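Structural description and commentary
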Amino acid sequence: MTEGTECYYNLSTGAVEEGRQSPVTDLMGPYPTREAAQRALSTAKARNEEWEQDDQAWEGGTDS
């Protein structure tokens, strides 16, 4: 991978792509490294969980 090349996680294939090779609707990213792109789904899941907790706190819920 060349310096400055961004990596993307392809939601359709589950593959990491160096540079934008597929339609943007199939991609998550860009990520600075191949490893970060490989973790795209777990990163998104963790962020979603954090945002859900933030939303509950904002709305005054105590479900957690």
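Reference entry: report on the structure contained in this document. Quick caveat, the model's predicted, so the values are computed rather than measured. (Residues numbered from 1 in each chain as written. Predicted model: local features only at pLDDT ≥ 70, side-chain atom pairs only at ≥ 80, totals over all residues. Heavy atoms only, no water.)

**Remarks on the overall build of the protein**
Summing up its helical and strand segments, the protein has 2 helices and 3 strands in all. Listing every helix and strand of the protein by position from the N terminus yields β-β-β-α-α. Residue pairs at least 24 apart in sequence account for 24% of intrachain contacts in the protein once pairs closer than 6 positions are excluded. Working note: accessible area of the protein is about 4900 Å², and carbon and sulfur atoms make up 47% of it. (Helix = DSSP H or I, 4+ residues; strand = E, 2+ residues; numbered from the N terminus. Contact = heavy atoms within 4.5 Å. Areas by Shrake-Rupley, 256 points an atom, 1.4 Å probe, with all protein chains shown as cover.)

**Re the sheet that holds strand β2 (residues 16–18)**
Here 3 strands make up an open sheet; going across it, the order is β2-β1-β3 and the pairing antiparallel. This sheet does not close on itself; its edge strands, each paired only once, are β2 and β3 (27–31). Across the sheet, the axes of successive neighbouring strands diverge by a mean angle of 25 degrees, strand direction being ignored. The strands touched by helix α2 (residues 40–59) are β1 (7–10) and β3; relative to β3, the strand with the most contacts, the crossing angle is about 95 degrees. (Pairing = 2+ DSSP bridges. Axes fitted to C-alpha atoms, helices over the stretch in contact; angles between N-to-C directions.)

**Looking at α2**
For α2, with 20 residues, the first-to-last C-alpha span of 28 Å sits near the 28 Å given by 1.5 Å per residue. Following α2 by one or two positions, G60 has its phi on the positive side, about 85 degrees. (Expected span 1.5 Å × (residues − 1).)

**Structural notes on unusual backbone geometry**
Negative phi characterises most residues that are not glycine, and trans characterises most peptide bonds. G29 connects to P30 through a cis peptide bond whose omega is 15 degrees. Structurally, P30 can be placed in strand β3.

**Description of the nonpolar core**
One recurring pattern in soluble globular proteins: nonpolar side chains tend to sit buried together. Counting 8 residues, the largest nonpolar core consists of C7, Y9, V16, M28, Y31, A36, A37 and A40. Those elements that provide at least two residues to this core are β1, β3 and α1 (34–38). Once you skip the residues sitting within four places of it in the chain, V16 turns out to touch C7, Y8, Y9, R34, A37 and Q38. (Core = buried A, V, L, I, M, F, W, Y, C linked by side-chain atoms within 4.5 Å. Buried < 20%, exposed > 50% of the residue type's maximum accessible area, 1.4 Å probe, protein only.)

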